[in-house]
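Commentary on secondary and tertiary structure
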Amino acid sequence: MNGDSRSIATVPDPSKKAPTVLVTGASSGIGLATARRFAAAGSRIIAAARRLERLQSLVDELGANCHAVELDVTDVSSATSITDKLPEAFRTIDLLVNSAGVALGDGPIQSAQWGDLQRTIQTNIMGLTAVTHAILPQMIARGAGDIVNIGSIAGSYPYPTGHVYGASKAFVHQFSLNLRADLAGSGVRVLCIEPGTTRTEFAAVRMGQDPERVQDFYGERRLLTPEDVAEVLFFAVGLPRHVNLNVIEMMPTDQAFSFFRFADQTPPDRS
Ligand code: 8X3
């Protein structure tokens, strides 16, 4: 490993500026855990989320090293102008963590509401792309920076009711790799982390805040925690700068793959 490489996760030399980390979806789950993990290592945090009031306790917790910004990534013009909203001291972004994501449109595709499917696409695809496109030029100009996209195992493995959510995460996977292709030689690293089931508010949102269904799904299972994912992210970004982890797929030990299935019924052959 190169001894001369600067890694963002290293507690910074006091003579140097603390690295700045922009986390979307920072009000809960993996985004929140990531903000806390990097703050604990001395980074400055820009915590972005749709509901500003939900970021207040994080700001109270992290103090002056955390700047909260209201950002609904589905509002593309607000996503593309994100840096305009930042105070000067927070405008140079060393690490962008695209964690804002939703899985709306419960049940099979044919019974999902169009608005839910649209919001999933707008958040997971359009929003992530818009924020990345806005932040990338400053990283390229400096010849350094990290982009970490939160994908999902649902982007690689199909399952019933996965439809648009899984497809959007397949986009995140391929977009990340294609960024790598364009950014070769720029000094900017790109990683896609693809977690399996993680105990967050994710299932509650997906299941329309129905506590019984959420309990049924999560139960007492030993799932990933947002802190598990944040720790892996922190490790990956802390590697020397000549090392780029492209994709990290991680799962709870107790989660595995299911098998192909046959339909329980089939319509009569009308051919
Ligand atoms: C969601 C992962 O396993 O709950 O991103 O579908 S899983």
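So, how was this worked out
- Residues numbered from 1 in each chain as written.
- Predicted model: local features only at pLDDT ≥ 70, side-chain atom pairs only at ≥ 80, totals over all residues.
- Heavy atoms only, no water.
- Phe/Tyr/Trp six-rings, centres within 6.5 Å; stacked < 30°, edge-to-face > 60°.
- Helix = DSSP H or I, 4+ residues; strand = E, 2+ residues; numbered from the N terminus.
- Buried < 20%, exposed > 50% of the residue type's maximum accessible area, 1.4 Å probe, protein only.
- Lys NZ or Arg CZ within 6 Å of the ring centre and 35° of its normal.
- Axes fitted to C-alpha atoms, helices over the stretch in contact; angles between N-to-C directions.
- Parallel < 35°, antiparallel > 145°, perpendicular 65-115°, else oblique.
- Left-handed = near helix turned anticlockwise from the far one by under 90°.
- Contact = heavy atoms within 4.5 Å.
- Nonpolar A, V, L, I, M, F, W, Y, C, P; charged D, E, K, R; others polar.

1. Considerations on the packing of aromatic side chains
- Tallying each qualifying case throughout the model produces 4 aromatic pairs.
- Geometrically, the ring pair formed by Phe 38 and Phe 234 is edge-to-face, given 5.1 Å between the ring centres and 65° between the ring planes. With Phe 38 in helix α1 (residues 29-40) and Phe 234 in helix α8 (residues 226-238), the pair connects residues that are 196 residues apart, well separated along the chain.
- For Phe 38, a relative accessible area of 0% puts it in the buried group.
- A cation over an aromatic ring shows up here: Arg 37 above the ring of Phe 234, its NZ or CZ 3.7 Å from the ring centre.
- Over the ring of Phe 90 we find Arg 44, and its NZ or CZ is 5.3 Å from the ring centre.

2. A word on the packing of α1 against α8
- Two elements in contact, α1 and α8, have axes whose closest approach is 8 Å; the angle formed by their N-to-C orientations is 50°. Comparing their axes, α8 and α1 come out oblique. Classified by chirality, the crossing of α8 by α1 is right-handed. Contact with α1, carried on its side by Gly 29, Ile 30, Ala 33, Thr 34, Arg 37 and Phe 38, involves Pro 226, Glu 227, Val 229, Ala 230, Glu 231, Leu 233, Phe 234 and Val 237 of α8 and no other residues of that element.
- Class assignment of the residues belonging to the contact of α1 with α8 gives a composition of 9 nonpolar, 2 polar and 3 charged.

3. Regarding the packing of helix α4 (residues 114-142) against helix α5 (residues 163-183)
- Packing of α4 against α5 brings their axes to within 9 Å, and their N-to-C directions diverge by 15°. For the element pair α4 / α5, the angle class is roughly parallel. Note on packing geometry: the crossing formed by α4 with α5 is right-handed. Residue-level contacts link Leu 117, Thr 120, Ile 121, Asn 124, Ile 125, Leu 128, Thr 129, Thr 132, Leu 136 and Ile 140 of α4 to His 163, Val 164, Tyr 165, Ser 168, Lys 169, Phe 171, Val 172, Phe 175, Leu 179 and Leu 183 of α5.
- Within the contact of α4 with α5, the residues separate by chemical class into 13 nonpolar, 6 polar and 1 charged.

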